[in-house]
Amino acid sequence: MKFYETTALIEATDDRIWSILTAAEDYPVWNPGVERVEGRIALDATIKVVVKVNPGRAFPVKVTEFTPGRRMVWSGGMPFGLFKGVRTFTLNSEGDATRFRMREEYTGALLPLIWRSIPDLSGTFEQFGAGLKARAESST
């Protein structure tokens, strides 16, 4: 298994952060790594994510878990589990703030081959956390 992860302590409520995470059309406004997210982010929905590190290619993912204000999971990959990516978003209250965590884990028989072609996403994950924090803490 390989993974990327980011965390941020955000001075905002779980509900505020959740509303940002589930507004697909607004991702490009606050997340510099995303060109667009197509579809409605809801349980069992399939959405398409187009990222700037791989322009022109849409990554279809299914929303497999959806606990409002707490946890959401996006899953995608190849048939038969040959390669799978699972992105988990979690929110936990810490006093007047919220701890945000996003982790994407990669598994499957083809992981060693595919991993070599995946660009280093560390910076993209950090941008995601920072952008979410800035958006949630802003007055708009």
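What comes next is a walk through the structure. (Residues numbered from 1 in each chain as written. Predicted model: local features only at pLDDT ≥ 70, side-chain atom pairs only at ≥ 80, totals over all residues. Heavy atoms only, no water.)

## Description of the overall build of the chain
- For the chain, the helix and strand inventory stands at four helices and seven strands.
- For the C-alpha atoms alone, the extent of the chain along its principal axes is close to 45 × 25 × 25 Å.
- By the burial criterion, 40% of the 140 residues in the chain qualify as buried.
- A sequence separation of at least 24 residues applies to 50% of the contacts in the chain between residues at least 6 apart.
- Summing over all exposed atoms, the chain offers an accessible surface of approximately 7,600 Å²; the carbon and sulfur share of this is 53%.
- Averaging the positions of the 18 positive and the 17 negative side-chain charges in the chain gives two centres separated by 6 Å. (Helix = DSSP H or I, 4+ residues; strand = E, 2+ residues; numbered from the N terminus. Buried < 20%, exposed > 50% of the residue type's maximum accessible area, 1.4 Å probe, protein only. Contact = heavy atoms within 4.5 Å. Areas by Shrake-Rupley, 256 points an atom, 1.4 Å probe, with all protein chains shown as cover. Lys, Arg positive; Asp, Glu negative; His and termini not counted. Charge placed at Lys NZ, Arg CZ, Asp CG, Glu CD.)

## As for the pattern of salt bridges
- Counting across every chain of the model gives ten salt bridges.
- As a salt-bridge pair, Glu 5 and Arg 101 come within 2.4 Å of each other at their nearest N and O atoms. Here Arg 101 lies in strand β7 (residues 97-107) and Glu 5 lies in strand β1 (residues 2-10), a separation of 96 residues in the sequence.
- According to the relative accessible area criterion, Glu 5 is partly exposed, its value standing at 31%.
- We classify Arg 101 as partly exposed; its relative accessible area is 36%.
- For Glu 35, the salt bridge goes to Arg 36, with nearest N and O atoms at 4.0 Å.
- For Glu 35, a relative accessible area of 32% gives the class partly exposed. (Salt bridge = Lys/Arg side-chain N within 4 Å of Asp/Glu carboxyl O.)

## Here's the deal with the sheet that holds strand β5 (residues 71-77)
- An order of β1-β7-β6-β5-β4-β3-β2 is seen for the seven strands of this open sheet, with the pairing classed as antiparallel. With one partner strand each, in any of the chains shown, β1 and β2 (34-38) form the two edges of the open sheet. Ignoring strand direction, the axes of neighbouring strands in this sheet form an average angle of 20°.
- Bridge count between β5 and strand β6 (residues 84-94): seven bridges; the pairing is antiparallel. Of the residues in β6, the one forming a bridge with Val 73 is Thr 88.
- Contacts from helix α1 (residues 14-21) reach β1, β4 (58-67), β5, β6 and β7 within the one sheet, and its direction differs from that of β6 by about 155°.
- Those strands touched by helix α4 (residues 122-137) are β1, β6 and β7, and its axis lies near 20° from that of β1. (Pairing = 2+ DSSP bridges. Axes fitted to C-alpha atoms, helices over the stretch in contact; angles between N-to-C directions.)

## Observations concerning the packing of aromatic side chains
- This structure, assessed with the given rule, holds 13 aromatic pairs.
- Plain terms: the ring middles of Tyr 4 and Tyr 106 are 6.4 Å apart, the flat faces sit at 85° to each other, and that makes the pair edge-to-face. Linking Tyr 4 in strand β1 with Tyr 106 in strand β7, this pair joins segments that are 102 residues apart in sequence.
- Plain terms: the ring middles of Trp 18 and Phe 66 are 5.1 Å apart, the flat faces sit at 65° to each other, and that makes the pair edge-to-face. Of this pair, Trp 18 sits in helix α1 while Phe 66 sits in strand β4; the two residues are 48 residues apart in sequence, bridging distant segments of the chain.
- Accessibility expressed as a relative area gives 24% for Phe 66, which makes it partly exposed.
- Each residue in the set Tyr 27, Trp 30, Trp 74, Phe 89, Phe 100 and Phe 128 is aromatic and connected to the rest through ring pairs, giving one cluster.
- Sitting above the plane of the Phe 3 ring, Arg 103 keeps its charged end 3.6 Å from the centroid. (Phe/Tyr/Trp six-rings, centres within 6.5 Å; stacked < 30°, edge-to-face > 60°. Lys NZ or Arg CZ within 6 Å of the ring centre and 35° of its normal.)

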